[in-house]
Each structure stands twice: as structure tokens, then as C-alpha cells.
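Here are the chains, one letter per residue:
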Amino acid sequence: MSDYIPLPTELLDEILVRLPVESLIRFTSVCKSWYSLITSPSFVTKHLNHSKTNARNLLLKTYNYEKNKERYLLYRGDEKFSDEFSELEYPLSTPFRPKRIVGSCNGLICMVDRNLPSCRSIILWNPLIRKSMTLRMPSQPETPPWWFVLGFGAHPTTQEYMLVSIVFEKEDIEQPSKVELYTQGTGSWRSITCVGYPHGIAELNWSQAFVNGAIHWIAFERRVVDGLLPCSIMAFNMVSQAFSVTNMPAALVRLVNQNLVGHSIMSYGESLAVSCHEGVFCCIWVMKEYGVAESWAKLYNINLPIGLKQIIGFRKNGQVLLSTNDHRLLCYDCETKTSANPVDTESSVTFDSDTFMESIVLVKQGNGS
């Protein structure tokens, strides 16, 4: 006679939701009931919400031009950032081509070929459970010149991951943009109406931030006004599947224009931040109240004598994680204006990074068409 006494489902749920992904994946093999519980949408959502209140991992991708080598380094998001990391294997066995990170959501990383004009596929990768899938790119114009932008996120209720593609002509600003949407449920791309899409707007830097159920880009109008390209924050809402625009203050618009390749948008808690950097100087503007244009404020000024390469992201303890011109990673405290925990990296390295929560969300192969 067995001495095993099954735990009540509610208690088991509360125990499992606190465990790391690696353990949960193993526990799906314990029995059918555990597998059903751990892979259920409600449990996945609960685990994701629990992860939000705890340390977040940082996936850092480096590319060495001298060695033509790319590495994926996973740093644990504890209070003390250090040079301790685990190196992850590239998820696909196909011939190697340098990748860029589009964005991350619910533990999934979205990547494409760095050479955008020849990009033919999209990779979705969950580094913690070592699962990935490849999607075909949506349809593209047969003849150039054209640009395209991708965005990656998830439906805030169902947690279904989604991709949006925007294709627009470079020269013919009267030509309407083409928008296509990929959803996990259908496993395919479909054209959608550009509801609320601002005519003639193009995103130049390809950075995105997924906040409040919407993908956000810095977008530019293709006309010059008073010597500047007017720009704003363009968002695509995953629920309404419509676009919206939030204005930026004039001072920030001027800064972005002065740093057309040295700016980026990123998440800042539950809202948005825009960083602009050049040489040793960087400033960070934050939308203190999401969706309220009047709440934009310049929060930080950073001045690094050794030169700042890019802002990687923000940490829960108020520090800014950044890379320098001498190929180091620093945690910079904007209040004390001091840096700590320098991490040396290889020479001639470029950085591409994203933060993501622990997730047991599985990528499911669709038809990709």
C-alpha cells in the first residue's frame, strides 16, 4: 500500500508557481495531472505574473567582427550584476548567419537575420527550455525600394504571441503601408486594415518596447518641418489590432533628430523610456504616466569619460545597465553618478540584448504561411 497522499490542487499550484522553469519542465513528466496543470494557460499566466515580481534574466548577444563569432550569454537578474553567466547554444542547426533581436515577451525571444534586405525567416526561441521554431517572413514587395519593420508581443489576456509586419515604400509616401499580423493560434500571416496607422511614418532604428499590451516604436514622418523630422511614439495594440500615436515633447524630438542612429525606445517599469546618446553623453526621458504625453520628463543625464556605446536596459534597483566604447558592461547609478561591477568583454564587440521573464510558454509550430 502506497504512503503517497496527493496534495490538493490549490496547494500544489501555489508550490509549483514559485519554481524555476527548468524544474517545471522536468515535473511535467511526473504524471498526467501535473503535466495538465503546468501546461495549462491559467498556470502559465500565473507563473508569468509571479516572475514579474522577481528578478529578471538578461540575455546578452555579442558579435565579434574580427572573429565573425556570435555568442548568447544569460545573466541572472539578481541584485548584484557580475561577470557570472551561462552560455547558451544557438537554437538552430542551420548555417550560421548573424542575428538581431527584435524583442522579447513572455520568455520568448524574437530574432531575424541582421542583413534585413535578405531576411527570409523569423526565429522564436525560449532560451530557458531550449525550444525554438522558424517562421517564414510575411510577403514583401517584388521590387525595391521599400522598408519594413517587425514588432513582437503577446495578447495580454490569452498570452498568445503575435507578430506585426509593416512594409512601406521608401519614395512614394502616398502609397499606403501594408500591415500583416501573425498569431500563434492561426499559425499564419494575414493582412489587416491599417486602423489608426499614421500615413507616411517610418521607423528608422528598429528598436521596440512591448508595454501595456502594445508594441511601441519611435516613428518619423517623411517630411522636414523647421529643419527637423517630426517624430512620435507609434503603438500597435494587440487587443484592438489598431495603431495609435503619442506625441513627444519638442526637446526630445530635437534630441532624437540629432541622434538618428543613437536613440532607442525601451520599457521602463510599466511605461516607456527613450534614450539618446552621442560620445560620452546620454540622456534618458521617461513617460511617467503611460499614454499621457504631458508626463514626459528627462529623468537621467549620464556622462561617461570613457564613452558610452549604448543603453542595455534598466534594473529594479534603479541602476542603468550600459555598454562602453572600451567593450565593458557597467551598472550605472544615476543618483550617485557612479558605476560598478564592470564586466570585460571581447574587443570589437557589438551588443544586442533583451530582458525577459522566466516562462514555460512553448513555441508551437504552425504552418508559417
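Parameters and conventions
- Residue positions are counted from 1 within each chain, in the order its sequence is given.
- Where local features are concerned, this predicted model is filtered to residues with pLDDT of at least 70; where side-chain atom pairs are given and counted, the filter is 80 or more; whole-chain, interface and lining totals use all residues.
- Note: side-chain values were computed over all heavy atoms of the structure, leaving out hydrogens and water.
- The helix and strand labels rest on DSSP assignments: H or I over at least four residues marks a helix, E over at least two residues marks a strand, and numbering proceeds from the N terminus.
- Buried residues are those whose accessible area, probed at 1.4 Å on protein chains only, stays under 20% of the maximum for their type, while exposed residues exceed 50% and partly exposed ones sit between those limits.
- Any pair of residues with heavy atoms lying within 4.5 Å of one another is described as a contacting pair.
- Whether two strands pair depends on DSSP finding at least two bridges between them.
- All axes are obtained by fitting lines to C-alpha atoms, using only the stretch in contact for helices, and the reported angles, taken between N-to-C directions, cover 0 to 180 degrees.

Draft legend 1. Examining the environment of Gly-151 more closely. One can find Gly-151 in strand β8 (residues 146-154). Classification of Gly-151 as buried rests on a relative accessible area of 0%. Separated by 41 residues in the primary sequence, Gly-151 and Cys-110 have C-alpha atoms spaced 9.0 Å apart. Leaving out residues up to four positions away in the same chain, Gly-151 has contacts with Val-102, Met-162, Leu-163, Val-164, Gln-208, Ile-215 and Trp-217.

Draft legend 2. Spotlight on the sheet that holds strand β17 (residues 263-268). In spatial order, the strands read β17-β18-β19-β20; together these 4 strands make up an open sheet with antiparallel pairing. Each of the sheet's edge strands pairs with one partner strand only, and the pair in question is β17 and β20 (296-303). On average, adjacent strands in this sheet sit at an angle of 25° to one another, irrespective of strand direction. Judged from the 7 bridges that link them, strand β18 (residues 271-278) and strand β19 (residues 281-287) form a sheet pairing that is antiparallel. Within β19, the residue paired with Cys-276 across the bridge is Cys-283. Docked against the sheet, helix α5 (residues 250-258) engages β17, β18, β19 and β20, running at close to 45° with respect to β18.

Draft legend 3. Local environment of the sheet that holds strand β9 (residues 161-169). Strands sit in the order β8-β9-β10-β11 across an open sheet of 4 strands; the sheet is antiparallel. Looking along the sheet, the strands with just one partner apiece sit at the ends: β8 and β11 (188-192). In this sheet, adjacent strand axes meet at a mean angle of 25° when their direction is disregarded. Where strand β10 (residues 178-183) meets β11, 5 bridges bridge the pair, whose relative direction is antiparallel. Following the sheet pairing, Tyr-182 is matched in β11 by Trp-189.

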